[in-house]
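The chain contents come next:
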Amino acid sequence: MTQEPDLREALLAAVPGLRAFAISLSGQVDKADDLVQDTLLRALANLHRFQPGTNLNAWLFTILRNLFHSEYRKRRREVEDPTGSFAARLKVQPEQGVHLDFEDFRVALSELPSDQREALLLVGASGFSYEEAASICGCAVGTIKSRVNRARLRLAAALNVSDIDDLGPDSMTRAALQN
Amino acid sequence: MTGDKGNKLARALSGEPTNGKLGTDAKLDSGSQKRIGDQLRAMYDELMQQPVPDRFKELLDQLDRKKDGPQ
């Protein structure tokens, strides 16, 4: 079996997207890079199973997601509260509330249930269709839609964006006046 | 403290986890949905623009040289 150069290029081109997904899923760059590396190794070992002409990215994301979940289940047996530490580490000035930045957003994202987080990341950030996301997660399209919707509602509640036109310190006053 | 709407949402969401009723029925207004989407993509773009670590290039180069392949 030889690696064709364009396949190598295609795999390399997929790495930034896989890393972004893995970092957002796990919240840890080191762990994310290990996940991406394991994904590439597994993909190369199973290339015969990949159907040319189908979506290479979706296939790679499926592998990464499955590795993440089996790893997560394993760690869950070994470590107490693996997700709580992630949220705590990222939580900087939780009462700040004056403006939204990526840090606030990451914390809110990390506090989503993992099925909602991955659905939102696949559809809202990685550019997959609902159908592709459903196939990656091994669930129904309706389930993905519902998870994405719930993820957005939770984020809106956590970040308090839902009735603020302009993000600023007087938003509470304005919200009070509107009611 | 969060604003009133946020609290209402948080209260509604805290009771939901399995029935999913709110999740499938309630919808964010399009402005909020756009703000959430913009934030998510901005955060993601930042991650996407990070240079690919050498370990991945080296990994693919190595496998490229081993013509027997991993099987």
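Cut-offs used in this document
- Every chain is numbered independently, its residues counted from 1 as its sequence is written.
- The lettering of chains begins at A and the numbering of ligands begins at 1, in the order of writing.
- Note on the predicted model: pLDDT of at least 70 is required for a residue's local features to be given, and 80 or more for side-chain atom pairs to be given and counted; whole-chain, interface and lining totals, by contrast, use all residues.
- Comment: elements are numbered from the N terminus, with helices defined as DSSP H or I runs of at least four residues and strands as E runs of at least two.
- Comment: burial labels come from other C-beta atoms within 10 Å of the residue's own C-beta, placed from the backbone, where a count of 20 or more is buried, 12 or fewer is exposed, and between is partly exposed.
- Given a helix with a known number of residues, its expected span is that number minus one, times 1.5 Å.
- A score from 0 to 100, pLDDT tells how confident the predictor is in each residue.
- For the purpose of contact definition, each residue receives a C-beta atom placed from its backbone, and two residues are in contact when these atoms lie within 7 Å.
- Domain segmentation is taken from an automatic or database assignment of domains.
- For this scheme, ten residues count as nonpolar: Ala, Val, Leu, Ile, Met, Phe, Trp, Tyr, Cys and Pro. Four count as charged, namely Asp, Glu, Lys and Arg, and the remainder, Gly too, count as polar.
- Put simply, a nonpolar core is buried Ala, Val, Leu, Ile, Met, Phe, Trp, Tyr and Cys residues tied into one set by C-beta atoms within 7 Å.
- Relevant arc is that of directions from the helix axis to the C-beta atoms, nothing else.

Explain the overall build of chain B here, please?
Per the secondary structure count, chain B includes four helices and zero strands. When the elements of chain B are put in sequence order from the N terminus, they spell out α-α-α-α. Expressed as a percentage of the 71 residues in chain B, the buried residues total 17%.

Explain helix H6 (residues 114–125) of chain A here, please?
Since one α-helical turn is 3.6 residues long, residues separated by three or four positions face the same way. Residue and element names in this part refer to chain A. In this model, H6 (twelve residues) spans 15 Å end to end at C-alpha, consistent with the 16 Å of a helix rising 1.5 Å per residue. Burial analysis of H6 places ten of its twelve residues in the buried class, the great majority of the element. Within H6 the residues assigned to the buried category are Gln116, Arg117, Glu118, Ala119, Leu120, Leu121, Leu122, Val123, Gly124 and Ala125. Remark: Gly127 follows H6 within two positions and exhibits a positive phi of approximately 85 degrees.

Help me out: how do you make sense of the confidence of the model for chain A in this one?
Residues shown with low pLDDT carry predicted positions that ought not to be read at fine detail. Residues and elements named next belong to chain A. Confidence in the prediction of chain A, expressed as mean pLDDT, is 80, and 72% of residues score 70 or more. The model gives residues 89–100 a pLDDT under 50, and that stretch makes 13 contacts with residues more than four places away or in other chains. The low-confidence segment residues 164–170 (pLDDT under 50) makes four contacts with residues lying over four places distant or belonging to another chain.

What is the right way to read the domain arrangement of chain A from this model?
Where interface size is quoted, it is often the accessible area lost as the parts come together. Residue and element names in this part refer to chain A. With domains assigned, chain A is organised as domain 1 (1–79) and domain 2 (92–179). Facing ten residues of domain 1, the contacting portion of domain 2 comprises eleven residues. Mapped onto the side of domain 1 that touches domain 2, the elements with two or more residues apiece are helix H1 (5–26) and helix H3 (56–78). The residue makeup of the side of domain 1 that touches domain 2, split by class, is four nonpolar, five polar and one charged.

How do you make sense of the environment of A:Glu131 when you look at a structure like this?
Here A:Glu131 shows up in helix H7 (residues 130–137). Sequence-wise, A:Glu131 and A:Leu60 are 71 residues apart; in three dimensions their C-alpha atoms are separated by 16 Å.

Help me understand the environment of A:Glu132 in this model?
Residue and element names in this part refer to chain A. Locating Glu132 in the fold gives a position in helix H7. On a C-alpha basis, the gap between Glu132 and Ala58 in space is 6.9 Å, while along the polypeptide they are 74 residues apart. Discounting chain neighbours no more than four positions away, the residues touching Glu132 are Asn55 and Ala58.

Would you mind going over the nonpolar core with me for this structure?
Buried together is how nonpolar side chains tend to be arranged in soluble globular proteins. Ranked by internal contacts, the top residues of the largest apolar core, which has 49 residues, are A:Ala22, A:Val36, A:Leu64, A:Ala119 and A:Ala133. Put simply, the parts of the chain that give this core at least two residues each are H1, helix H2 (29–45), H3, helix H5 (102–110), H6, H7 and helix H8 (141–159) of chain A together with helix H3 (30–48) of chain B. Of the residues that make up this core, three or more belong to each of domain 1 (1–79) and domain 2 (92–179) of chain A. In contact with A:Leu64, not counting residues within four places along its chain, are A:Leu18, A:Phe21, A:Ala22, A:Leu35, A:Val36 and A:Thr39.

Looking at this structure, I do not really get H2(A). What am I missing?
Residues and elements named next belong to chain A. Taking 1.5 Å per residue as the helical rise, H2 with its 17 residues ought to reach 24 Å, and the 24 Å between its terminal C-alpha atoms agrees with that figure. If you check which residues of H2 are buried, you get Ala32, Leu35, Val36, Thr39, Leu40 and Ala43. Burial along H2 is one-sided: seen end-on, the buried residues are contained in an arc of 135 degrees.

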